[in-house]
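What follows is the residue order along each chain.
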Amino acid sequence: MMKINRDPCWLQGTVSNTNFKTFSIEDKDRIVTTIREEMSILFPDTQEISGKGDLAFVFIQDEELGEEGYYIESENSRVVIKANCSKGLLYGFFYIYQQLRQNKPLVTGRSVPDQSFRMINHWDNMDGSIERGYAGDSIFYKDNTFRRDYDLVRQYARLLASVGINALSINNVNVHEVETRLILESSLPDVKMLNDIFAAYGIKTFLSINFAAPKKIGGLHTADPLDEKVIEFWENTIAKIYQVIPDFGGFVIKADSEGEPGPFAYGRGHDEGANLFGRILGKFGGLCIWRCFVYDCAQDWRDRSIDRARAAYDHFLPLDGKFDDNVILQIKLGALDFQVIEPLSPLFGALRHTNQIIEFQLTQEYTGQQRAIYYQVPVWKEVLDFDTKYDYEPSIVKKLLKTNSVNPKLSGICAVGVVGMDDNWTHHKLMQSNIYAYGRLCWDNQLSSEEIAQEWSSLTFSISQKAHEKIVSMLTTSRETYRLYNAPNGVGFMCKPNVHYGPSIDGYEYDRWGTYHFADRNGIGNDRTLNGTKYVQQYSPTRCQEYNDVTTCPDEFLLWFHHVPYEHVLQNGKTLIQDIYDNHFDGVQRVADYQKIWESLSGEIDLVSFKNVRELLKEQYEMAVEWRDQVNTYFYRKSGVVDEKDRKIYE
Ligand code: GCU
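Residues numbered from 1 in each chain as written. Predicted model: local features only at pLDDT ≥ 70, side-chain atom pairs only at ≥ 80, totals over all residues. Heavy atoms only, no water.

A. Representation of the overall build of the chain in the model. Each helix and strand in the chain was counted, giving 19 helices and 18 strands. Rg of the C-alpha trace for the chain: 25 Å, near the compact-globule value of 26 Å for 651 residues, within the 12% margin. Seen through its principal axes, the chain has C-alpha atoms that stretch 80 × 65 × 50 Å. Evaluated residue by residue, the chain yields a buried proportion of 63% over its 651 residues. In the chain, the proportion of contacts linking residues at least 24 apart, taken out of those at least 6 apart, comes to 72%. Roughly 24300 Å² of accessible area belongs to the chain as shown, and the carbon and sulfur atoms make up 47% of that amount. Between the mean site of the 70 positive side-chain charges and the mean site of the 91 negative ones, the chain shows a separation of 2 Å. (Helix = DSSP H or I, 4+ residues; strand = E, 2+ residues; numbered from the N terminus. Rg over C-alpha atoms; globule rule 2.2 N^0.38 Å. Buried < 20%, exposed > 50% of the residue type's maximum accessible area, 1.4 Å probe, protein only. Contact = heavy atoms within 4.5 Å. Areas by Shrake-Rupley, 256 points an atom, 1.4 Å probe, with all protein chains shown as cover. Lys, Arg positive; Asp, Glu negative; His and termini not counted. Charge placed at Lys NZ, Arg CZ, Asp CG, Glu CD.)

Okay, structure coming up:
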């Protein structure tokens, strides 16, 4: 029986107040064993019988359900979960648990996930550190080997499965020396252990690999994807992996990006690179997930002809349709890098003959590093519901991910992971909500930000309705709060270089990363219009026109697309400079309000969670003040314009 010694988030309570005294389940595979075990944890009073239990798990054949969907039937007090495969039964089981725990009626009928791929990418290194991880060390590794805490891994697997996550990669996309060896025979038994734990919860395991492995560990002098010896290296390596782990998912590959090796070094295209892996992995039913985060990270800031935002589209659009059927392109949601506000990557909608998944980031790299409240559903919904306005149907992102993929089953969503060794998984208790929400929204794209926050809160805390409402209001407004005190109007990157925490307005301004705001005494912003870098042209004609025109470009994206004077009047009627001042004062005020709201929950919330959030809110407040004062002072000094409301701006 599994030991649950960690904060189990939303799987903490048992359900005993049902009429279920018995359950029945047909034997099939290890996922069925998981369901049995979960029944004993979450419905401890229910006894297994064969035949017709009060809660019955039944295999059927129903094409529309696919491998993961389920069907709930309820007659009198008997509930039946039907599915084609045990994965569907598992998801149906967690659905029932969550509904009953929230005292909600069971909705009968069919449930099929909206997105096929629902993945987490871990950026864990084998020394135990996590790239951009802020919730403690890796749960998988320490001291350059595997941590082998299988109870903990199992607890994580059940958290993921309970919200429908079905794939994960277990190491950083930047594959360093030790991790390059994860594909070698000596590592495979350990990889298999993790693979099998996740597989028991319906989750496929992937490894991030180093494109230059043939050179680094294969004794070759090249990693050229068309070189025969290189091909042989990968054929042997991949065959051995599948010998040990027959249900292994495949590879995630970051190539030619931020110093990682790739096909460009050999004059090859990314299609040639990705297809090498696609072909070989395909023989075993594996997949190659290839990232589009490719740009020049050694840019000369003096050279105004380069625009990093253009890079992914410029590199990958010409390759549309040239990838093998089991290659998937993984595209960050925005064209730069997980900023608080970024317009959607223009590859979505434009790329029409290539399997594609959109990449989110659960870990709060640029958004408070698990020390600020930043509930991400509003961001995700903005992009999933975004209409690219191409003149074909469907042009909405959540739909076109599937329809523009060659194989709709190989489309969907992935997100950079967030958990670490911290007792509560996510460092900030309230930020557990992002993992829960991520899974729920991937499954059901129609759910609202509020609905998901409510579900998470009621599954997580035993508190009054009023208290739940307060938590939901904090969560659902938190992204806007963070936006208000951060870099203004979509300009991005005013954070401290490398660490990406706290303000440093000019921190990246004369650096090589291609992330500039171009503020001078007259104005600020990137000219990405048709008169500037022409990035705007990468969108559909309708969107291009909207963004190109300073009078129709949405305020929140203004400085992403335009360089404007400080006196420019926004669509909201204010001047840019006044809007910057107002937003930064408001943002801080909103964090102060959160502190008051949280204090009002004292006595209701368990002490550990209460103190955790109280301390982190204090830190968030201090950081918000720092952002406010640095941003306001910076722009006051540049522009010389005083605040209309005469508030304190330092000189
Ligand atoms: C960002 C992040 C890096 C990460 C990279 C990626 O640039 O800061 O740490 O490696 O994204 O997505 O590959």
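B. Quick look at empty space enclosed by the protein. Counted under the stated rule, the structure contains 10 cavities of 30 Å³ or more. Its volume calculated, the largest cavity comes out at about 180 Å³. Breaking the lining of the largest cavity down by element, the ones donating at least two residues are β15 (355-361) and α11 (377-384). Ranked by residues supplied to the lining of the largest cavity, first place goes to α11 with 4 residues. (1 Å grid on protein atoms, 1.4 Å probe; cavity = no way out; pocket = protein on both sides within 12 Å on 5 of 7 lines; lining within 4 Å. Points joined across faces, edges and corners; volume = space filled by probe spheres on them.)

C. Seen up close, the pairing of strand β12 (residues 250-253). Pairing of strand β11 (residues 204-208) with β12, which is carried by 3 bridges, proceeds in the parallel orientation. Residue pairing across strands places leucine 207 opposite phenylalanine 251, the latter belonging to β12. Note that β12 and strand β13 (residues 287-291) share 4 bridges and pair parallel. Within β13, the position partnered with phenylalanine 251 by the bridge is cysteine 288. A crossover links β12 with its parallel partner β13, the connecting element being helix α8 (residues 270-282), and its sense is right-handed. (Pairing = 2+ DSSP bridges. Right-handed = clockwise from strand over helix to strand, strands pointing away.)

D. Spotlight on the packing of helix α14 (residues 449-460) against helix α15 (residues 465-485). Two numbers describe how α14 lies on α15: the axes approach to 9 Å, and their chain directions differ by 130°. If you check the angle between α14 and α15, you find them oblique. Regarding α14 and α15, the two cross each other, and that crossing is right-handed. Residues Ser449, Glu450, Ala453, Gln454, Trp456, Ser457 and Ser458 of α14 form the contact with α15, whose participating residues are His468, Ile471, Val472, Leu475 and Thr476. The residue inventory of the contact of α14 with α15, partitioned by class, reads 5 nonpolar, 6 polar and 1 charged. (Axes fitted to C-alpha atoms, helices over the stretch in contact; angles between N-to-C directions. Parallel < 35°, antiparallel > 145°, perpendicular 65-115°, else oblique. Left-handed = near helix turned anticlockwise from the far one by under 90°. Nonpolar A, V, L, I, M, F, W, Y, C, P; charged D, E, K, R; others polar.)

E. How the structure looks around the layout of surface pockets. Here the largest pocket is characterised by a volume of approximately 780 Å³. In terms of lining, the largest pocket is formed by 30 residues, of which the most central are Glu67, Glu68, Lys87, Ser116 and Lys409. Mapped onto the lining of the largest pocket, the elements with two or more residues apiece are α5 (188-199) and β11. Counting the residues that make up the lining of the largest pocket, at least three belong to each of domain 1 (9-111) and domain 2 (117-460). The space that makes up the second largest pocket amounts to roughly 660 Å³. Lining the second largest pocket are 35 residues; nearest its centre among them are Tyr95, Gln99, Arg440, Leu447 and Glu455. Looking at the lining of the second largest pocket, the elements with two or more residues in it are β4 (70-75), α2 (86-101), β6 (109-111), α3 (150-162), α13 (432-443), α14 and α15. When residues in the lining of the second largest pocket are grouped by element, the largest group, 5 residues, is from α2. (Domains from an automatic or database assignment.)

F. Summary view of α11. For α11, the tally of buried residues reaches 7 of 8 residues, placing the bulk of the element in the interior. Every buried residue belonging to α11 is among Val377, Pro378, Val379, Trp380, Lys381, Val383 and Leu384, and all of these are buried. In the core, the buried residues of α11 are packed alongside β15, α12 (397-403), β16 (412-416), α13, α14 and α15.

G. View of the sheet that holds strand β3 (residues 55-59). The 6 strands are arranged β2-β1-β3-β5-β4-β6 in an open sheet whose pairing can be described as mixed. If you trace the sheet from one side to the other, it starts and ends with β2 (47-48) and β6, each paired once. Across 5 bridges, the pairing between β3 and strand β5 (residues 78-83) is parallel. Counterpart to alanine 56 in the pairing with β5 is valine 80.

H. Quick look at the nonpolar core. With 218 residues, the main nonpolar core has Trp234, Phe251, Phe277, Leu430 and Tyr438 as its most contacted residues. Looking at this core element by element, the count peaks at 10 residues for helix α19 (residues 607-639). Those residues in contact with phenylalanine 277 that sit more than four places away from it in its chain are Ile209, Phe211, Trp234, Phe251, Ile253, Gly282, Cys288 and Trp290. (Core = buried A, V, L, I, M, F, W, Y, C linked by side-chain atoms within 4.5 Å.)

I. Seen up close, the domain arrangement of the chain. On domain assignment, one finds that the chain holds domain 1 (9-111), domain 2 (117-460) and domain 3 (485-526 + 563-639). Using only C-alpha atoms to locate each centre, domain 2 and domain 3 end up separated by 29 Å. Domain 2 puts 28 residues into the contact, and the matching count from domain 3 is 28 residues. Carbon and sulfur atoms supply 58% of the area that domain 2 and domain 3 bury against each other, a total of about 2300 Å² over both sides. Looking at the side of domain 2 facing domain 3, the largest losses of area belong to Trp301, Tyr366 and Arg371, adding up to 26% of the total buried there. At the junction of domain 2 with domain 3, the criterion picks out 14 residue pairs in polar contact (both at pLDDT 80 or more). Among the residues forming the side of domain 2 that touches domain 3, the class breakdown is 11 nonpolar, 8 polar and 9 charged. (Buried area = accessible area lost by both parts, 1.4 Å probe. Polar contact = N/O pair within 3.5 Å; in protein donor to acceptor, adjacent residues only side chain to side chain.)

J. Up close: the sheet that holds β15. The strand order β7-β10-β11-β12-β13-β14-β15-β16 describes a closed barrel built from 8 strands, whose pairing is parallel. Here the average twist between neighbouring strands, direction ignored, is 25°. In this structure, strand β14 (residues 327-332) lies alongside β15, joined through 5 bridges in parallel fashion. Paired with isoleucine 331 across the bridge in β15 is isoleucine 358. Strands in contact with α8 are β12, β13 and β14; relative to β13, the strand with the most contacts, it is inclined by about 160°. Against the sheet, α13 makes contact with β7 (117-121), β15 and β16, and its axis sits at roughly 155° relative to β7, the strand it touches most.

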